[in-house]
Amino acid sequence: MEEPDSDNANEIVVYDLLMEHHALHAHWQSGHSLMAFASTDTLASVDQPRDVSQHPIYLHEIHWNREMHSPVARKLVNESRLVFVGVQQQAEISGKPTKSQLLKFSRNYRSILQSCFMELRQKFEGSEEFDEELEKQMQLYSMMELIWSLCEILFIENSPDGTVLIQLVEWCKWHFPVADDYVRLCYNADDYGSPAQHPNYWPAIYTLALQGRTSEVREMLKLHPAFQTQEHDPFASIDELLRKMPIFSYHQSQSTNEFEMKWRHWHDECIKRFYGGDFDTMPNLKTLSRILCGDEGIIQELTELYGSWYQMLISYLYFKNPTISVSELHYHTKAFIDIFGGQSELGPLDRILLAAFKFDVSQVIRECCKHLGTWWLPTHLADLLHYCDLVPLSITESGTNVREHLIVEYTSSLSNFDSFWPVVVDYLSFCGSLSNHYLGLFVQRIPLSSEKKAAKVIRICEKRGLLKEVESICRQMKMKSMQHNRLGTALSWCIKANDSSFAMIIADKMLKEYARTGLFSNIDLIDYLGSSVLMSESLTFLGKYRDFHKLYAAEKFKDAGQLLLNLLMSRKAPLDFWPSLLMDCLPLLERNNLIYDVEETTGLLACLNVLDQKQKIFDSMTEIERENQEKKMKHLRLALTNNLAKAIVS
Amino acid sequence: MAECLTYVSQKIHKIRWKPTSTTIQKSETFATGSYEDLANSITIWGVGHMTGVVNQDKFEVADLENSQPRRQCCCKIPGDVNGMEFANSEIIVAGLSSGAVYLVRLESQSQELNVQFNWENLHPYGGSTDIAANLPEIVSVGEDGTIHIMRIDSKRPLRTFAHSDSCPITQVQYLNTHELCTTNTVGQLRIWDVRSPTDAPTRVMSSSETLVALRCVDQHPTQSYILASGGSDGCVTLFDIRKECSPLTKLQIHDEDIWELRFHRTSPSYIFSCSEDGSVRRLNSSFEMKALSLGGSNIDVSELVPKCGSSMNSLDVSGTRMLCATDAESVYVIDDVI
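Let us look at the structure shown here. Source: prediction; values computed, not measured.

## Quick look at the overall build of chain A
Next, step 1: Across its full length, chain A carries 30 helices and 3 strands.
Next, step 2: Here the C-alpha radius of gyration of chain A, 42 Å, is well above what a compact globule of 650 residues would show, namely 26 Å.
Next, step 3: For chain A, the spread of C-alpha atoms along the principal axes amounts to about 145 × 75 × 50 Å.
Next, step 4: When burial is assessed residue by residue, chain A has 50% of its 650 residues classed as buried.
Next, step 5: Considering only contacts within chain A whose residues lie at least 6 apart along the sequence, 63% involve residues at least 24 apart.

As structure tokens, this is what we get:
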């Protein structure tokens, strides 16, 4: 178990006047942040009164690792998300992506890194002041691209034996433009007459040669005033050697053995010419020929032309053993590291590249996690290498899958920012066997700031079968609407969640409101509920009651009366609503036409009697209300009796 | 069809072409309104001439160097931009999640964007969800079911339909100078008369039995009685407001919610729609009412942008060019859409 590394701990000082007498407390927030505050709980002794009123009370938000929210990082996150999802979908379709598909995805990632780097560089060059932050970011992106491209060559491309060095030489050429810089300096020099007079002329030639760019070396040599094509001339000799250097190309279906033979033949010719004194007259050409011979001593002499041990390693092997295989590379690394100062001088980038040369994938990932400021690289690299079967299943002590662990870490770094929530959902959906579990946890923490966002989150949950979470979201939205007294909205959420019990509560509330004020607050919804009205009995009742009002308004009194009777007789109405219902009979009874016949009127009287017996309804009323209620009941009884009389007579 | 994709490092909720003085002129400027960001803003972009270049696969692609949109100016806004419209070529109105409505002026000389006027706290619960402008009037609708009609020079709203909709209103459009239509989350399309003495709508039309939310609505440019609306089930519903309340026809166009729907202003036989499923599709129909209501119609659906992996939130079409904006913080500029 690793001890917490106190040297690497980050410290921050929180200024707060209250902290003179009170302790600093903090609570974790989601993502990389803490809330710190002065707490009155501890430290306040009996002698010191807890007088906090003189100073304002602050909550301090402390956060770190926010670099994923810079504009360029956001571009990286969003573009690479598409590629990531593409990889997973390809794996779902065909079981495992083929090497060429993986290579294509890898190149996609690299081009995204490159375009981010270009954008940063444009910004950097365009700004008037030196921006240290931009420069740091540029370094990070170029480092990530360097690491990725090396890993692509060694792990993903994994070329057949003999060809890896050619790719590594290309890699050097593109990433370390040392030679191009020298060449450019030579050509731009006006005060030296010709490029050949420039002090950087020979360094340009040496570095071009070390990068294996023989045709460009020949071009440069032609600029030398002493260059002639006569035989026995040192320039002509070296030109011929350069021209005839064999370059292995697997496109030409040349076997490794054939190439090795050719190369050995050429190599022997180089050595012969060197020892034969061909270049003794021109010390510079002698140096050049020693490079071509793969002379170890020359490495020591030209150290300052190399930027790093890995460039040196690749150059050396190119001229010593061009058909070396990937697994043999690491045997040579120690010697070159020692030339550059040994193990202790290795920086973070060196360690990562060294692990790559050693073909130790888990070490590469570990080093990337430790030294790079972002989880982006190890996560996406591990994911791609996972499909090459190169990433070991577990390195953490808890035994979690490496890839899963990295995805969770990456998404944690993103979940600080509200805007990345769809990205987090996408990544968590593909993180392995626990995907749904993580998704369930994450979805519950997405702040539902608007109805539209809730709808989007619900859509995502439904797609992934997270039905419990859908219910939970509907419940949250429902409660929010209730808090703001938006009964209609709350009802629509109940319907969406198929929550009949809560729908009943809302329907009852609406009915109570009507009983109290005589007005419906949400007619516009209730009238258009359609089949959803059958969800709960109270809701059905409400719907039917509205129908009664509509019929009455349309002057279809007979139908209205029948409906009202049905509602009362079927006992569907809640008891405390009966007074209202019965009072609704009154205008119908007072009409000239007979609405209710004998049986019906008797039924209504029976209802009235039942109501009289249920004292508890009247308990909640005040004196005045009770008096009014009794008056109304009397009036109603009278009207019903009259109606009965009329009915019997007619 | 030339297409150009740019990552803009902001989630865009609304994107709109700047109106040009004539319909023949191609619009070269557009505005975007962002959301769910630490600091939201309205940004003006310029798009160059999109040239088609034939690449090695013999497909015509946009000349990206020249046609990538360039940021011209921007204005910080204190809230998610939920609704945004160009009221005219210099004024943008935006409805925010904070419940405020902002009026922003684009100074054409100095290329600056400044807040000229704002109405605060119009929708205290849930914020404004959409905005429409018919100068000098501006209308804002919110999650609280309230409709506010403002005049451009007055702080107090001219007219308010307070909580007239029980459910959140999702979009609003002007039908003519005194009529509005709105859609809400229980699938209702409502027509309101601004001059009406009561707070009730003049018409309520329901698009489905099952209360599927309607997310957007647009009016046919020439046949003004035709309204098309997009729903949460991916269906485009066509209404004829001269007739009774039920919809004319319903077409399944997308798999998920349709966030925005636009008739092409000068070629109204085309409707463009964008959806949560990440695609943009185009319907082509003569909108013959008789044919549509009988079901035997000649409606073509073609896909302009295939599913791009994240929700397509907004689109706008001007001439032959279309803009669309996604939740993946990217903007598409597509030429030759008709």
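From this point on, the discussion continues.
## Section: empty space enclosed by the protein
Residues and elements named next belong to chain A.
Next, step 1: In total, this model carries 6 cavities of 30 Å³ or more according to the counting rule given.
Next, step 2: Roughly 80 Å³ of internal volume is contained in the largest cavity.
Next, step 3: As for the largest cavity, its lining consists of C172, V178, T207, L210, Q211, L305, Y306, Q311 and S315.
Next, step 4: Of all the secondary-structure elements, those providing two or more residues to the lining of the largest cavity are α6 (201–210) and α12 (309–320).
Next, step 5: Counted by class, the lining of the largest cavity contains 5 nonpolar, 4 polar and no charged residues.

## A closer look at the sheet that holds strand β9 (residues 91–96) of chain B
All names here are of chain B.
Next, step 1: Spatial ordering of the open sheet is given by β8-β9-β10-β11, a layout of 4 strands whose pairing is antiparallel. The open sheet terminates on both sides in strands that have one partner only, identified here as β8 (81–86) and β11 (112–119). Direction aside, neighbouring strands of the sheet carry axes that sit 25° apart on average.
Next, step 2: Here strand β10 (residues 101–107) pairs with β11 via 7 bridges, running antiparallel. Following the sheet pairing, L103 is matched in β11 by F117.

## What about helix α15 (residues 361–371) of chain A?
Residues spaced three or four apart along an α-helix face the same direction, because each turn holds 3.6 residues.
Next, step 1: Restricting attention to buried positions, one finds in α15 of chain A the residues V361, S362, V364, I365, E367 and C368 of chain A.
Next, step 2: Considering only its buried residues, α15 of chain A is in contact with α3 (132–157), α14 (348–357), α16 (376–386) and α17 (402–414) of chain A.

## Considering the packing of aromatic side chains
The geometry of an aromatic ring pair comes down to the distance between the two centres and the angle between the two planes.
Next, step 1: Evaluation of the coordinates by the stated rule reveals 29 aromatic pairs over all chains.
Next, step 2: Seen in terms of ring centroids, F84 of chain A and Y427 of chain A are 4.2 Å apart; in terms of plane orientation they differ by 25°. Their pairing is stacked. Residue F84 of chain A is found in helix α1 (residues 71–94), and its partner Y427 of chain A is found in helix α18 (residues 421–429); the two are separated by 343 residues along the sequence.
Next, step 3: Its relative accessible area of 0% is what places Y427 of chain A among the buried residues.
Next, step 4: The ring of Y35 of chain B is capped by K11 of chain B, whose NZ or CZ atom sits 5.3 Å from the centre of that ring.
Next, step 5: Over the ring of F117 of chain B we find K155 of chain B; its NZ or CZ atom is 5.0 Å from the centre of that ring.

## Description of the packing of α6 of chain A against helix α10 (residues 283–293) of chain A
All names here are of chain A.
Next, step 1: Following both chains from N to C, one finds α6 and α10 inclined at 10°, their axes separated by 10 Å at the closest point. In terms of axis orientation, α6 runs roughly parallel to α10. Considering the relative orientation of α6 and α10, their crossing is right-handed. Between α6 and α10, the contacting residues are W202, I205, Y206, A209 and L210 on the first element and N284, L285, T287, L288 and I291 on the second.
Next, step 2: Here the contact of α6 with α10 is built from residues that sort into 8 nonpolar, 2 polar and no charged.

## Observations concerning unusual backbone geometry
Next, step 1: The amide bond that connects L135 of chain B to the next residue, P136 of chain B, takes the cis arrangement and shows omega of 5°.
Next, step 2: On the secondary structure map, P136 of chain B appears in the loop between β12 (128–134) and β13 (137–142).
Next, step 3: We note that N485 of chain A has phi near 60°; this positive angle belongs to a residue other than glycine.
Next, step 4: Within the secondary structure, N485 of chain A sits in the loop between α21 (467–483) and α22 (487–497).
Next, step 5: For N485 of chain A, a relative accessible area of 58% puts it in the exposed group.
Next, step 6: The backbone phi angle of L211 of chain B is positive, close to 55°, even though this residue is not glycine.
Next, step 7: Tracing the backbone through its elements, the reader meets L211 of chain B in the loop between β19 (203–206) and β20 (214–219).

## Side note on the interface of chain B and chain A
Next, step 1: With 42 residues of chain B at the interface, the matching set in chain A holds 41 residues.
Next, step 2: Between chain B and chain A the total buried area reaches about 3,400 Å² when both faces are included, carbon and sulfur atoms providing 47% of it.
Next, step 3: When the buried area of chain B at its contact with chain A is split by residue, Y7, Y125 and S166 of chain B rank highest and sum to 20% of it.
Next, step 4: In this structure, the connection of chain B to chain A is made through 10 salt bridges.
Next, step 5: Residue R459 of chain A is joined to D257 of chain B by a salt bridge in which the shortest nitrogen-to-oxygen separation is 2.8 Å.
Next, step 6: In this assembly, chain B and chain A are joined by 26 residue pairs in polar contact (both at pLDDT 80 or more).
Next, step 7: If you list the elements that add at least two residues to the side of chain B that touches chain A, you get β18 (188–193) and β19 of chain B.
Next, step 8: Looking at the side of chain B that touches chain A residue by residue, the class counts come to 12 nonpolar, 16 polar and 14 charged.

## A word on a negative patch on the surface
Residue and element names in this part refer to chain A.
Next, step 1: A contiguous patch of negative charge, built from E67, E128, E129, D131, E132, E133 and E135, is present on the exposed surface.
Next, step 2: Relative to the elements of secondary structure, E135 occurs in helix α3.
Next, step 3: With a relative accessible area of 30%, E135 lands in the partly exposed category.

## Quick look at the pattern of salt bridges
All names here are of chain A.
Next, step 1: Scanning the entire structure with this criterion turns up 54 salt bridges over all chains.
Next, step 2: For the salt bridge of R107 with E152, the shortest nitrogen-to-oxygen distance reads 3.6 Å. Placement of the pair is R107 in helix α2 (residues 99–126) and E152 in helix α3, with a sequence separation of 45 residues.
Next, step 3: Overall, R107 belongs to the partly exposed group, its relative accessible area being 41%.
Next, step 4: Among the residues examined, E152 registers a relative accessible area of 2% and is labelled buried.
Next, step 5: By sharing partners, the salt bridges in this structure join E240, K244, E269, K272 and R273 into a single network.

## Let's talk about the side chain of N200 of chain A
Next, step 1: Checked against the element boundaries, N200 of chain A lands in the loop between α5 (178–188) and α6.
Next, step 2: Ignoring sequence-local partners within four residues, the contact set of N200 of chain A consists of Y182, L185 and C186 of chain A.

## A word on the packing of α21 of chain A against α22 of chain A
Residues and elements named next belong to chain A.
Next, step 1: Contact geometry for α21 and α22: axes closest at 8 Å, N-to-C directions at 165°. One finds that α21 runs roughly antiparallel with respect to α22. Here α21 runs over α22; the crossing is left-handed. Residues C474, M477, K478, S481 and M482 of α21 form the contact with α22, whose participating residues are L487, T489, A490, W493, C494, K496 and A497.
Next, step 2: Considered class by class, the residues forming the contact of α21 with α22 number 8 nonpolar, 2 polar and 2 charged.

## Thoughts on the state of the cysteines
Next, step 1: On inspection of all chains with the given rule, the structure shows 0 disulfides over all chains.
Next, step 2: Not engaged in a disulfide, the cysteine C116 of chain A finds its nearest cysteine sulfur in C4 of chain B; these two sulfurs lie 16 Å apart.
Next, step 3: Here C167 of chain B stays unpaired: no disulfide links it, and the sulfur of C494 of chain A, its closest cysteine neighbor, is 11 Å away.
Next, step 4: Residue classification places C167 of chain B among the buried positions, given a relative accessible area of 1%.

## Overview of the sheet that holds strand β17 (residues 179–184) of chain B
All names here are of chain B.
Next, step 1: Taken in spatial order, the 4 strands of this open sheet run β16-β17-β18-β19, and their pairing is antiparallel. Because the sheet does not close on itself, it has two edges, and the strands there are β16 (169–176) and β19. Within this sheet the neighbouring strands show an average axis-to-axis angle of 20°, counted without direction.
Next, step 2: The pairing of β17 with β18 spans 5 bridges and is antiparallel.

## Remarks on the pairing of strand β2 (residues 12–17) of chain B
All names here are of chain B.
Next, step 1: With 6 of its 6 residues buried, β2 lies for the most part within the structure.
Next, step 2: As judged from the 5 bridges shared by β2 and strand β3 (residues 29–34), these two strands associate in the antiparallel manner. Of the residues in β3, the one forming a bridge with I12 is S34.

## Points about the pairing of strand β26 (residues 280–284) of chain B
Residues and elements named next belong to chain B.
Next, step 1: Counting buried positions along β26 gives 4 out of 5 residues, so the element sits mostly inside the fold.
Next, step 2: Between the antiparallel neighbours strand β25 (residues 270–275) and β26 lie 4 residues, among them G278 with a positive phi of about 90°.
Next, step 3: Bridge count between β26 and strand β27 (residues 300–305): 5 bridges; the pairing is antiparallel. Note that in β27 the partner of V280 across the bridge is V305.

Conventions we followed
Residues numbered from 1 in each chain as written. Chains lettered and ligands numbered in written order. Predicted model: local features only at pLDDT ≥ 70, side-chain atom pairs only at ≥ 80, totals over all residues. Heavy atoms only, no water. Helix = DSSP H or I, 4+ residues; strand = E, 2+ residues; numbered from the N terminus. Rg over C-alpha atoms; globule rule 2.2 N^0.38 Å. Buried < 20%, exposed > 50% of the residue type's maximum accessible area, 1.4 Å probe, protein only. Contact = heavy atoms within 4.5 Å. 1 Å grid on protein atoms, 1.4 Å probe; cavity = no way out; pocket = protein on both sides within 12 Å on 5 of 7 lines; lining within 4 Å. Points joined across faces, edges and corners; volume = space filled by probe spheres on them. Nonpolar A, V, L, I, M, F, W, Y, C, P; charged D, E, K, R; others polar. Pairing = 2+ DSSP bridges. Axes fitted to C-alpha atoms, helices over the stretch in contact; angles between N-to-C directions. Phe/Tyr/Trp six-rings, centres within 6.5 Å; stacked < 30°, edge-to-face > 60°. Lys NZ or Arg CZ within 6 Å of the ring centre and 35° of its normal. Parallel < 35°, antiparallel > 145°, perpendicular 65-115°, else oblique. Left-handed = near helix turned anticlockwise from the far one by under 90°. Buried area = accessible area lost by both parts, 1.4 Å probe. Salt bridge = Lys/Arg side-chain N within 4 Å of Asp/Glu carboxyl O. Polar contact = N/O pair within 3.5 Å; in protein donor to acceptor, adjacent residues only side chain to side chain. Patch = residues over 30% accessible without salt bridge, like charges linked within 9 Å, V, L, I, M, F, W, Y side chains within 5 Å. Areas by Shrake-Rupley, 256 points an atom, 1.4 Å probe, with all protein chains shown as cover. Lys, Arg positive; Asp, Glu negative; His and termini not counted. Charge placed at Lys NZ, Arg CZ, Asp CG, Glu CD. Disulfide = S-S within 2.5 Å.

In short, shape yes, function no, at least from these values alone.
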